[in-house]
Amino acid sequence: MNDTTQRVLSLLNLLQSRPVWTGTELAERLGVTTRSIRRDVERLRELGYPVRAEHGTGGGYQLGAGKALPPLLLDDEEAVAVAVSLRLAAGGTVTGLGEAAVRSLAKLDQVLPARLRAEVKGVIEATVSLDSPVTAVDADVLVALARAIRTPERATFDYTKASGERSERRVEPYRLVAAARRWYLMAWDLDRGDWRTFRLDRMAAARGTGWRFTPREAPDAVEYVQASITQAPYQYVAKVRIHAPAHEVAERVPSTIAVVEPDGDHAILTAGADDLDYVAYHVVRLGWPVSVIEPPELREAMRSLGEKLTAAGA
């Protein structure tokens, strides 16, 4: 049985290596009869691999595309190439692939031999980007958290706040969220008994503890993280009605700066700030009529800005 399994895997590897093989070629490469090749092809089909057989000149066995994606076999060089590509994509060098790359990388890292993992790390360490598209994040931190989320298991990591204060955090990780140039973790903080958002570029030594947990009811990860980074850290939370369609406003306002919600034919923009003059300037700069909802201090900031602009144009 072990010999048969090994032969079937070898057959799969050959079929993946080039478009078409004749039965005779496969038999010679594997040291078996063409009858054995036919039986092994049937075994692959039963496992979900769409192996096609075409007769005549130029015909042979070909691995095609099926309705579902079957497992792929990778040799050492291919595994390293895929892992390196996923790490680069997870870092944001491939637009829109970040989160999918992290999930895939976590699966691959789980089965990647230590010697190949060292090769991947060597390639990454030797690679630099002229244009840094995102805030640097340790790929090992990404993988560790992604695996903990998949399991799910509690995780710990060293965390440095913006103030420079360092501490060890114990969490139940829930979701990784990519926002503009940064990665965030939404997790249940075990020591504080509440949901928290953490920046991955401020983490070190992230690791799963092996202690499994039952996921608790959680808020929407994207909405929670967006609110955490656009409102929670600031002294004021400003809310204005913009007299323009929400989708047009959203195209002009980054999701990491403010939350834009539809309000009939208009849009409600909510953003946090320590300086309301800053909010007034950027809201007016959008170019649409606006109405201040809150706080009252924002109305004064808008009035002051209007007076300055009027005086400048006099």
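Predicted model only: the values in this text are computed from it and were never measured.

Thresholds, definitions, all that
- Residues numbered from 1 in each chain as written.
- Predicted model: local features only at pLDDT ≥ 70, side-chain atom pairs only at ≥ 80, totals over all residues.
- Heavy atoms only, no water.
- Pairing = 2+ DSSP bridges.
- Helix = DSSP H or I, 4+ residues; strand = E, 2+ residues; numbered from the N terminus.
- Axes fitted to C-alpha atoms, helices over the stretch in contact; angles between N-to-C directions.
- Contact = heavy atoms within 4.5 Å.
- Expected span 1.5 Å × (residues − 1).
- Buried < 20%, exposed > 50% of the residue type's maximum accessible area, 1.4 Å probe, protein only.
- Arc of directions from axis to C-beta.

### Observations concerning the sheet that holds strand β4 (residues 166–179)
Part 1 of the reasoning: If you walk across this open sheet you meet the five strands as β6-β5-β4-β3-β7, and the pairing is antiparallel. If you trace the sheet from one side to the other, it starts and ends with β6 (194–199) and β7 (203–212), each paired once. In this sheet, neighbouring strand axes are inclined to one another by 45 degrees on average, regardless of whether the strands run parallel or antiparallel.
Part 2 of the reasoning: As paired strands, β4 and strand β5 (residues 182–189) are joined by eight bridges and run antiparallel to one another. Bridging across to β5, A178 finds its partner in W183.
Part 3 of the reasoning: Helix-sheet contacts for helix α7 (residues 139–150) involve β3 (153–160), β4, β5 and β7, and the interaxial angle to β4 is about 80 degrees.

### Considering unusual backbone geometry
Part 1 of the reasoning: Of note, the amide linkage connecting T151 to P152 takes the cis form, showing an omega dihedral of -20 degrees.
Part 2 of the reasoning: As for its placement among the helices and strands, P152 is situated in the loop between α7 and β3.
Part 3 of the reasoning: For the bond from E294 to P295, the omega torsion is -5 degrees, close enough to zero to count as cis.
Part 4 of the reasoning: Within the secondary structure layout, P295 lies in the loop between β11 (290–294) and α11 (296–313).
Part 5 of the reasoning: Of note in the backbone geometry, A205 takes a positive phi value of approximately 55 degrees without being a glycine.
Part 6 of the reasoning: Looking at where A205 falls in the secondary structure, it is placed in strand β7.

### As for α11
Part 1 of the reasoning: Helix length check: α11, at 18 residues, gives a terminal C-alpha distance of 26 Å against a target of 26 Å (1.5 Å per residue), a fit within 8%.
Part 2 of the reasoning: Within α11, burial applies to L298, A301, M302 and L305. Taken around the axis of α11, the buried residues stretch over an arc of 100 degrees, which confines them to a single face. The exposed residues of α11 that point more than 90 degrees off its buried face are P296, E307, T310 and A311.
Part 3 of the reasoning: If you follow the buried residues of α11, they end up packed against β8 (236–242), α10 (276–285) and β11.

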